[in-house]
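# Fold and contact review
Okay, here's what each chain looks like letter by letter:
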Amino acid sequence: MLDQPVRTVMQRRKVLKASPATTVSEAALLMANKNVGAVMVIENGRLVGIFTERDAVFRVMARGLDARATRLADVMTSAPHTVDPDKPFGYALTLMHENGFRHLPVIENGKPIGIVSARSAMDPDLEDFVSEARRRTYYTKGR
């Protein structure tokens, strides 16, 4: 699975897209209806940000902001990391692990075509990935 191209693992059906002017409340309702943890924020056909369930908790609720008045543009992660659909899924997992996020937009020819999440790895190959990540951490810290 880790050697498979991202395009074979990514989600297309459950991809949510919203404009930067969308309110957090509207985005949360979309996310709940589709049972997904992220919305790609799109402007003029291009990815400008990503808004996740963690953003809702840490950037909106924890700060006491009004979800009905707060726009995604104000609380999204701007210019998020992305991945090419032909990269190996293991590369995407490593990128997510090393940078501390769980959702990675898939971009082809400058346009968002899907999203891959850490949840996509919930199979036996995940154990291999976790073991390898721990091994690398152990050796890079010189222990």
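Above this text you will find the structure in question.
It should be emphasised that the depicted structure is a prediction, and the values quoted were computed from it without experimental measurement.

## Considering the pattern of salt bridges
Under the criterion given, the structure shown has five salt bridges. Here Asp 55 and Arg 59 are joined by a salt bridge, their closest N and O atoms 3.6 Å apart. Remark: Arg 59 and Asp 55 occur in helix α3 (residues 53-61); sequence separation between them is four residues, near one turn of the helix. A relative accessible area of 7% means that Asp 55 is categorised as buried. Using a relative accessible area of 26% as the deciding quantity, one classes Arg 59 as partly exposed. Each of Arg 7, Asp 86 and Glu 108 takes part in one network of salt bridges that share partners.

## Observations concerning the sheet that holds strand β2 (residues 38-43)
Within a sheet, each strand pairs with its neighbour through backbone hydrogen bonds, oriented either parallel or antiparallel. Taking strand neighbours across the sheet as the criterion, the four strands line up as β1-β2-β3-β4 in an open arrangement whose pairing is mixed. Single-partner strands in this sheet number two, and they are β1 (17-18) and β4 (77-78). Inspection of the sheet shows strand β3 (residues 46-52) paired to β4 by two bridges, in the antiparallel sense. Paired with Ile 50 across the strands is Thr 77, a residue of β4. Docked against the sheet, helix α2 (residues 24-34) engages β2 and β3, running at close to 80° with respect to β3. Sheet strands in contact with α3 are β3 and β4, and its direction is about 70° off that of β3.

## Side note on a positive patch on the surface
A contiguous patch of positive charge, built from Arg 13, Lys 14, Lys 34, Arg 54, Arg 102 and Arg 119, is present on the exposed surface. By secondary structure assignment, the location of Arg 13 is in the loop between α1 (6-9) and β1. Assessed through its relative accessible area of 74%, Arg 13 is described here as exposed.

## Here's the deal with the side chain of His 103
Of note, His 103 is situated in strand β5 (residues 103-108). Beyond its immediate stretch of four places on either side in the chain, His 103 contacts Gly 37, Ala 38, Ile 50, Thr 52, Glu 53, Met 96, Ile 115, Val 116 and Ser 117.

How each quantity is defined
- Residue positions are counted from 1 within each chain, in the order its sequence is given.
- Only residues with pLDDT of at least 70 get local features here, since the model is predicted, and only at 80 or more are side-chain atom pairs given and counted; chain-wide, interface and lining totals rely on the full set of residues.
- Only hydrogens and water are removed before side-chain values are computed, so all heavy atoms of the structure are retained for them.
- For this analysis, a salt bridge means a side-chain nitrogen from Lys or Arg found within 4 Å of a carboxyl oxygen belonging to Asp or Glu.
- Helical segments are the DSSP runs of H or I of at least four residues, strand segments are the runs of E of at least two, and each set is numbered from the N terminus.
- Accessibility here uses a 1.4 Å probe with only protein chains present; expressed as a share of the type maximum, an area under 20% marks a residue as buried, one over 50% as exposed, and anything in between as partly exposed.
- A pair of strands is labelled paired if DSSP reports no fewer than 2 bridges between them.
- A contact between two residues is defined here by any heavy atoms of the two lying within 4.5 Å.
- A fitted line through C-alpha atoms represents every axis, and for helices the fit uses only the stretch in contact; the resulting angles, taken between N-to-C directions, go from 0 to 180 degrees.
- In this scheme, patches are assembled from residues that exceed 30% relative accessible area and form no salt bridge. Like charges are connected within 9 Å, while nonpolar side chains (Val, Leu, Ile, Met, Phe, Trp, Tyr) are connected within 5 Å.
- Here the open area of atoms and residues is found with the Shrake-Rupley method and a 1.4 Å probe, where only the protein chains shown may cover a residue.
- Under the counting rule used here, the positive set is Lys and Arg, the negative set is Asp and Glu, and His together with the chain ends is not counted.
- Just so you know, the charge point we use is NZ for Lys, CZ for Arg, CG for Asp and CD for Glu.

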